[in-house]
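# Residue-level structural notes
The lines below spell out each chain.
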Protein chains: 2
Amino acid sequence: MTTNPPATIALLMTGDELMRGDTVDSNSAKIACALAETGVVVQEKATVGDDRQRLSAAIARLAEDHAVLIVNGGLGPTSDDLTAEVIAQLAGIALVEHAKARTHVEDWCARRGITANDANLKQAFMPLGAQLIHNPRGSALGFAVDLGHCRVITTPGVPSELMAMLPEVLALTSERVATHSVHTLRLQTFGMGESSIQQAINDSGYAWPAQVALGFRAGLPQLELKLTVNDDAHIPLQRACLDHLQALMGDHIIGEASTTLAQALAHALREQHKTVTTAESCTGGLIAAMITREPGSSDIFQAGYVTYANDIKHRILGVSLDDLDHHGAVSEAVVRQMLVGALAHSGADMGIAVSGIAGPGGGSEEKPVGTVWLAWGSSDIMHTRRVVIPGPRDDVQQLVAAAGLDLVRRQLLGLPTEPQYFSRQAQ
Amino acid sequence: MTTNPPATIALLMTGDELMRGDTVDSNSAKIACALAETGVVVQEKATVGDDRQRLSAAIARLAEDHAVLIVNGGLGPTSDDLTAEVIAQLAGIALVEHAKARTHVEDWCARRGITANDANLKQAFMPLGAQLIHNPRGSALGFAVDLGHCRVITTPGVPSELMAMLPEVLALTSERVATHSVHTLRLQTFGMGESSIQQAINDSGYAWPAQVALGFRAGLPQLELKLTVNDDAHIPLQRACLDHLQALMGDHIIGEASTTLAQALAHALREQHKTVTTAESCTGGLIAAMITREPGSSDIFQAGYVTYANDIKHRILGVSLDDLDHHGAVSEAVVRQMLVGALAHSGADMGIAVSGIAGPGGGSEEKPVGTVWLAWGSSDIMHTRRVVIPGPRDDVQQLVAAAGLDLVRRQLLGLPTEPQYFSRQAQ
């Protein structure tokens with residue numbers, strides 16, 4: 001008696017640009033994420049260039065070992081694009097023109113005012129009997145065909161086309177690989193690192209249930225938390241873990257799903273019918289750009305000031321020349337006056353002002369690179385804080401801008417204005 | 001007589017986060033790029049999770065087929081980190097504590113005020129006789145060891161640590177795989193697509209020499225061109241191709257190496273001892289942020305205005321309320337007055353003003369989403385232009401901001417103020 005190999009899945013990414021490192025492969029992460037949401041974990045991933053022999057060997061090997069193989073790339077019109085040809089050869093099937101695929105390619109060309117040439121029409125050739133996968137975004141259709149016991153599914157390398165085709169790819173996968181319902185809760189957090197969160201959970205003595213997987217995805221400036229359960233029955237457990245996290249680090253949670261700091265701030269402002277303004281020196285417009293990157297920001301943001309030079313801080317925001325002289329641009333007095341000026345000139349209810357040394361130059365012993373003064377709040381309640389942020393210029397700017405958004409959010413929501421990321425800071 | 005296998009190189013990336021798609025693998029592109037600069041092309045890349053069996057099988061297979069195998073990841077302190085153990089087992093060598101590695105780990109912990117625990121010290125265990133690779137950034141040291149005829153080189157998964165260790169990794173690689181001098185010239189361009197450039201080259205009738213490889217790396221908003229030759233003798237040919245490109249699309253070339261649009265603008269401003277200001281509506285501070293992201297921007301940029309609301313455009317920049325009423329905020333009259341106001345208030349020599357509908361809402365038949373008015377120049381010579389940019393909000397903001405920087409650069413350098421990206425545009 002022989003046993004079937006376990007029904008596993010593999011990915012094969014193709015393209016010379018991946019081998020040369022000219023392109024960072026984000027497609028395989030997109031495919032893996034989509035599969036993970038159906039409870040399927042990719043077992044193996046391989047990447048080869050546009051080389052007939054290596055491509056053929058990789059497909060043969062992976063098809064032997066797995067129940068499903070998703071191949072990405074190599075479906076284009078040029079002679080480098082070998083995927084269909086190599087698979088047909090391995091399967092011992094003829095490569096033939098598919099009538100539906102030909103129509104798709106001709107229509108696609110016609111919509112662009114061109115006549116399909118031989119290169120375009122090459123994309124209509126697929127292994128005989130292959131199942132077509134529709135591409136609503138581009139000319140390259142995908143297909144599925146069996147190679148021994150393995151279902152081989154091909155997809156194009158253009159990310160937007162791949163994304164549009166993923167639902168059909170997932171459906172074709174689920175016919176061969178067992179899927180199960182996965183419930184994922186994503187939380188966006190700011191100001192606590194992965195290890196601090198893990199430590200806080202451990203210190204709390206909470207018996208974290210094994211059925212709830214806790215994952216982290218680090219970004220700058222946000223950190224995403226993922227709570228995953230593999231069974232409908234465990235959703236209450238997932239909810240309990242969320243409540244526990246809320247109790248432990250609630251003020252560092254800015255929202256669910258893909259909420260950004262700017263969105264969380266905008267939401268809090270809208271709830272209270274308030275507006276915000278910015279007075280930026282070392283972030284140079286980044287805070288305003290983060291706010292206005294979000295659609296519909298005009299109801300909570302009307303004016304921002306980028307006052308990079310001292311005399312501009314004085315002339316536009318009314319910062320005292322004496323204070324600029326005595327305390328320097330990176331000082332509590334100056335950042336407070338920047339905030340006062342921005343609030344007065346814009347008429348906004350809330351504001352953020354920052355002045356600092358983003359580096360790499362400009363540091364001193366008293367004020368090293370990374371030293372930033374922040375002022376935030378309303379004309380009634382203003383806060384100021386000095387921070388020293390290590391890291392390159394980009395990081396300093398990003399983190400200060402994020403902290404600025406977060407501090408106004410905290411004030412609006414009545415949360416601690418002394419978040420964990422401050423208490424870790426040297427004064 | 002047996003022949004040796006060709007001296008090829010493979011990469012093995014490890015980590016569950018790569019298999020789940022939680023992390024996009026940029027490390028392999030970094031390694032491949034660094035190798036490409038020494039003329040070495042990666043033949044095969046594999047990715048597996050933190051699974052002993054799969055990891056072992058992948059290392060064994062790749063070591064069999066290649067002269068060098070670079071393994072990335074799995075050198076951390078946790079029990080998931082299996083790389084050293086699996087390699088030692090495959091090589092039939094004991095895993096032993098290396099004195100130098102222990103000192104490194106202890107020092108690293110000491111600098112962070114902690115005592116090395118068992119988890120930390122696990123990182124000091126390596127296959128007996130392995131050659132240590134120093135990690136100046138983290139606690140995880142790499143090592144090189146032979147597995148049959150293959151040199152296996154291990155590196156940590158943290159990108160900054162990997163980057164710091166690459167020179168040593170390249171040196172270890174070059175002892176086994178033939179490297180040759182590769183001369184790469186990178187050009188940064190803006191405003192012409194890959195196919196337009198290729199078309200322009202074809203149309204020019206220039207017999208592009210086969211010894212000079214032309215590569216493209218698309219980014220938003222810039223497009224990088226790469227001219228590569230594999231031999232010192234072909235450098236004059238590479239230079240000739242560069243000259244040809246310069247003649248064909250010189251005004252779309254913003255610089256060599258990794259020059260950004262903001263850097264190119266800053267350079268042109270500095271040469272002429274001039275400064276620039278910004279008046280932004282739909283880009284909401286992004287142009288100012290792009291300028292100030294570059295170190296040392298304070299000598300060419302002093303003030304920026306984010307005037308998102310109509311009354312702010314009036315109050316801060318002096319835009320006529322009548323014109324705002326009659327023509328709307330997205331109009332030539334308004335954007336011109338924004339520029340005039342910003343120049344006058346800031347005292348800058350040059351300026352960029354933009355007002356548009358970034359979307360997704362706010363469009364109309366007359367002014368669809370993506371409609372943007374730009375004004376740029378000095379108080380003596382001002383230009384205005386209406387563009388309609390397709391795409392999501394982010395793209396509209398990015399492209400308008402980039403065009404703004406480019407247009408001032410063009411004016412400063414006396415280049416055509418009607419670049420190709422305008423002539424393709426409907427008025």
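Each value, and the rule that gives it
- Residues numbered from 1 in each chain as written.
- Chains lettered and ligands numbered in written order.
- Predicted model: local features only at pLDDT ≥ 70, side-chain atom pairs only at ≥ 80, totals over all residues.
- Helix = DSSP H or I, 4+ residues; strand = E, 2+ residues; numbered from the N terminus.
- Rg over C-alpha atoms; globule rule 2.2 N^0.38 Å.
- Contact = placed C-beta atoms within 7 Å.
- Nonpolar A, V, L, I, M, F, W, Y, C, P; charged D, E, K, R; others polar.
- Pairing = 2+ DSSP bridges.
- Axes fitted to C-alpha atoms, helices over the stretch in contact; angles between N-to-C directions.
- Least-squares fit on C-alpha atoms with pLDDT ≥ 70 in both.
- Expected span 1.5 Å × (residues − 1).
- Buried ≥ 20, exposed ≤ 12 C-beta atoms within 10 Å, placed from the backbone.
- Arc of directions from axis to C-beta.
- pLDDT = per-residue confidence, 0-100.

## Quick notes on the overall build of chain A
Helices and strands together make up the secondary structure of chain A, namely 16 helices and 17 strands. The C-alpha atoms of chain A give 28 Å as radius of gyration, which overshoots the globular expectation for 427 residues (22 Å, by more than 25%). Summarising its shape, the C-alpha atoms of chain A cover approximately 85 × 55 × 45 Å along the three principal directions. For chain A, the proportion of contacts with a sequence separation of at least 24, taken over those separated by at least 6, is 66%.

## Considerations on the interface of chain B and chain A
Tallying the contact residues gives 52 residues for chain B and 53 residues for chain A. Breaking the side of chain B that touches chain A down by element, the ones donating at least two residues are α1 (16-20), α2 (27-36), β2 (44-48), β10 (213-218), α11 (286-292), β14 (301-307), α12 (310-317) and α15 (393-413) of chain B. Looking at the side of chain B that touches chain A residue by residue, the class counts come to 24 nonpolar, 17 polar and 11 charged.

## Section: the sheet that holds strand β12 (residues 253-256) of chain B
Residues and elements named next belong to chain B. Read from one edge to the other, the open sheet built from four strands follows the order β10-β11-β9-β12, with strand pairing classed as antiparallel. Of all strands in the sheet, those with a lone pairing partner are β10 and β12, marking the two edges. With direction set aside, neighbouring strand axes in the sheet form an average angle of 25°. Relative to strand β11 (residues 223-229), β10 runs antiparallel, the two being bridged by six bridges. By the bridge assignment, alanine 218 is partnered in β11 with leucine 223. Packing against the sheet, helix α9 (residues 235-249) makes contact with β9 (183-189), β11 and β12, and its axis sits at approximately 155° to β11.

## Considerations on the relation of the copies chain B and chain A
Note on the copies: chain B fits chain A at an RMSD of 0.4 Å, the axial shift is 0.4 Å, and the rotation between them is 180°. The symmetry that links the two subunits is that of a two-fold axis. A share of 100% of interface residues in chain B that are also interface residues in chain A marks the association as one of identical surfaces.

## Some thoughts on the sheet that holds strand β7 (residues 142-147) of chain A
Spatially, 12 strands are ordered β6(A)-β7(A)-β8(A)-β3(A)-β1(A)-β2(A)-β2(B)-β1(B)-β3(B)-β8(B)-β7(B)-β6(B) in an open sheet, and the strand pairing comes out mixed. Each having just a single partner strand, β6 (131-133) of chain A together with β6 (131-133) of chain B make up the two edges of the open sheet. Taken over all neighbouring pairs, the strand axes of this sheet differ in orientation by 20° on average, direction set aside. Strand direction decides the pairing type here: strand β1 (residues 9-14) of chain A and strand β3 (residues 68-72) of chain A, joined by five bridges, are parallel. In the strand pairing of β3 of chain A, leucine 11 of chain A is matched with isoleucine 70 of chain A.

## So, helix α3 (residues 52-65) of chain A
Residue and element names in this part refer to chain A. The end-to-end C-alpha distance of α3, which contains 14 residues, comes to 20 Å, matching closely the 20 Å that a straight helix rising 1.5 Å per residue would cover. Turning to α3, its buried residues number three or more, namely Leu55, Ala58, Ile59, Leu62 and Ala63. The buried residues of α3 occupy one face: seen down the axis, they fall within an arc of 120°. Residues of α3 that are buried sit in contact with β1, β2 (44-48), β3, α4 (83-91), β7 and β8 (150-155).

## A short note on the environment of alanine 88 of chain A
Residue and element names in this part refer to chain A. Relative to the helices and strands, alanine 88 is located in helix α4. Between the C-alpha atom of alanine 88 and that of alanine 262, which follows or precedes it by 174 residues, the distance is 51 Å. Apart from residues lying up to four places away in sequence, alanine 88 is in contact with Ile93, Ala94, Leu95 and Pro127.

## A word on the pairing of β1 of chain A
Residues and elements named next belong to chain A. Burial of β1 is extensive: six of the six residues sit out of reach of the surface. The side-chain alternation of β1 yields two buried faces, one formed by Ile9, Leu11 and Met13 and the other by Ala10, Leu12 and Thr14. By the bridge criterion, five bridges tie β1 to β2 in an arrangement that is parallel. Residue leucine 12 lies in a different strand from β2, and its bridge partner there is alanine 46.

## Overview of the confidence of the model for chain A
In this model, chain A carries a mean pLDDT of 93, and residues with pLDDT of at least 70 account for 98%. Across the predicted assembly, pTM comes out at 0.88 and ipTM at 0.87.

## A short note on the pairing of β3 of chain A
All names here are of chain A. Of all the five residues making up β3, five are buried; the element is thus mostly covered by neighbouring parts of the structure. Residues Val68, Ile70 and Asn72 line one face of β3 and the alternating positions Leu69 and Val71 line the opposite face, and both faces are buried. Where β3 and β8 come together, five bridges link them in parallel fashion. Bridge pairing in β8 places leucine 69 opposite valine 152.

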